[in-house]
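The chain contents come next:
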Number of protein chains: 2
Amino acid sequence: MNDKKIPKATAKRLPLYYRYLKYLFSSGKKKVSSADLSEAVKIDSATIRRDFSYFGALGKRGYGYDVEDLMNFFSKQLNQEQLTHVAIIGVGHLGRALLNYNFQGQNSIRISAGFDIDEEIVNTIYEGVPIYHRDELKEQVEAQQFEVAIIAVPGPGAQEIADDLAEAGVKGIMNFTPLRLTVPDTVRILNVDLSNELQSLIYFVQYSDSIMDEDME
Amino acid sequence: MNDKKIPKATAKRLPLYYRYLKYLFSSGKKKVSSADLSEAVKIDSATIRRDFSYFGALGKRGYGYDVEDLMNFFSKQLNQEQLTHVAIIGVGHLGRALLNYNFQGQNSIRISAGFDIDEEIVNTIYEGVPIYHRDELKEQVEAQQFEVAIIAVPGPGAQEIADDLAEAGVKGIMNFTPLRLTVPDTVRILNVDLSNELQSLIYFVQYSDSIMDEDME
């Protein structure tokens, strides 16, 4: 790892680059230019070059990037070689959508425990994943050493869930509720506020002439 | 509307500001400082002041912002007074999660039509919303003049759906599939790639020391 700090926007684009490189590699391509990469992932090539610059010399100007080298580099960066187990709290429609999908095609992420209060689903196996009662959250997260969790409950109770997760040693929370959670500095929150996202899209559609044309990741 | 171009990151934060202002207003607060706003929405106050600066003088330094004025201003910006009807394509678990939720608390957004191929749900009313067959997509989107649509299908078929939506006059698409869609310049795509998002979070957790501490919206 380079000593240079990486902007979050760059970090967020790494999985995108990685996935496309994996695709290129599996289809036998050896080299890729930043222009081709740009076209495929819909991020302008200046941004791509700037992103890559944070990781030092990954390619030579005019020669393009070596697909396998770059793929392996990002694989390491993204810790693709190690499986990350994730817990999900809330197994309603959203939780089930995430469990059905279970990050297929991402060999490195698996939701391996669910938590809910609905007696219909508690103590069953859904899509291969055991569903525990919410009351067992702290105990199970500690025992199974989850570092990352997804909160997919409707909203109320989310702060208490976040408190339990933080106390049980979780370091990263993906939060689907519209609530802003308060957590210790040791815990990172990724808010996925679909309502805000959609409202922003509507805003973009209505005022498209007034918004800068950067990439929208 | 000011002539100055607004960065996308700013545009994306507007709904967040608006929601908190609405909350303050409903609880009787007259003034809010950028520091208080910052604490509540978890965005640093320098970013807030910079965001607001794109809209001209919204407050006086040291006096804080007038809650009602600011709320009304953002309400107009976000077109809160007009209801935007949204179509959703794919009424599986994710689609149902979005339909159940249906942007409650956002008076200005409503999913008002669903499309699927599952005969079990086609031609029924789910959560008050009619579900049409996917084959009727173009016809219904044209007839009901949808400008914004959500693609919540598993993946295959998403490009054809996007083609149909673009031809039927849709201007904004929220895309939940991991596919990068190709659309005319007149259509905006908002990619919500939950797999990428989670992978980024894991990356943040693992390399937290190497990532810049900006806000993470």
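Refer to the structure presented above.
These numbers come from a predicted model, not from an experiment.

Definitions and limits used
- Residues numbered from 1 in each chain as written.
- Chains lettered and ligands numbered in written order.
- Predicted model: local features only at pLDDT ≥ 70, side-chain atom pairs only at ≥ 80, totals over all residues.
- Heavy atoms only, no water.
- Pairing = 2+ DSSP bridges.
- Helix = DSSP H or I, 4+ residues; strand = E, 2+ residues; numbered from the N terminus.
- Buried < 20%, exposed > 50% of the residue type's maximum accessible area, 1.4 Å probe, protein only.
- Axes fitted to C-alpha atoms, helices over the stretch in contact; angles between N-to-C directions.
- Parallel < 35°, antiparallel > 145°, perpendicular 65-115°, else oblique.
- Left-handed = near helix turned anticlockwise from the far one by under 90°.
- Contact = heavy atoms within 4.5 Å.
- Nonpolar A, V, L, I, M, F, W, Y, C, P; charged D, E, K, R; others polar.

(A) Quick peek at the sheet that holds strand 9 (residues 188-191) of chain A. Residue and element names in this part refer to chain A. Spatially, seven strands are ordered 5-6-4-3-7-8-9 in an open sheet, and the strand pairing comes out mixed. At either margin of the open sheet sits one strand with a lone partner, and together these are strand 5 (125-126) and strand 9. Examined bridge by bridge, strand 3 (residues 84-89) and strand 4 (residues 109-116) share six bridges and lie parallel to one another. In the strand pairing of strand 4, His-85 is matched with Arg-110.

(B) Region of interest: the pairing of strand 9 (residues 188-191) of chain B. Residues and elements named next belong to chain B. Because side chains alternate across strand 9, one face comprises the buried residues Arg-188 and Leu-190, and the other comprises Ile-189 and Asn-191, equally buried. Alignment of strand 8 (residues 172-175) against strand 9, held across four bridges, turns out to be parallel. Bridge pairing in strand 9 links Asn-175 to Asn-191.

(C) Structural detail: the packing of helix 5 (residues 93-101) of chain A against helix 5 (residues 93-101) of chain B. Where helix 5 of chain A contacts helix 5 of chain B, the axes come no closer than 8 Å and their chain directions differ by 160°. With respect to helix 5 of chain B, the axis of helix 5 of chain A lies roughly antiparallel. Seen along the crossing, helix 5 of chain A lies across helix 5 of chain B with a hand that is left-handed. Contact with helix 5 of chain A, carried on its side by His-93, Leu-94, Arg-96, Ala-97 and Asn-100 of chain A, involves His-93, Leu-94, Arg-96, Ala-97 and Asn-100 of chain B of helix 5 of chain B and no other residues of that element. In the contact of helix 5 of chain A with helix 5 of chain B, the residues fall into four nonpolar, four polar and two charged.

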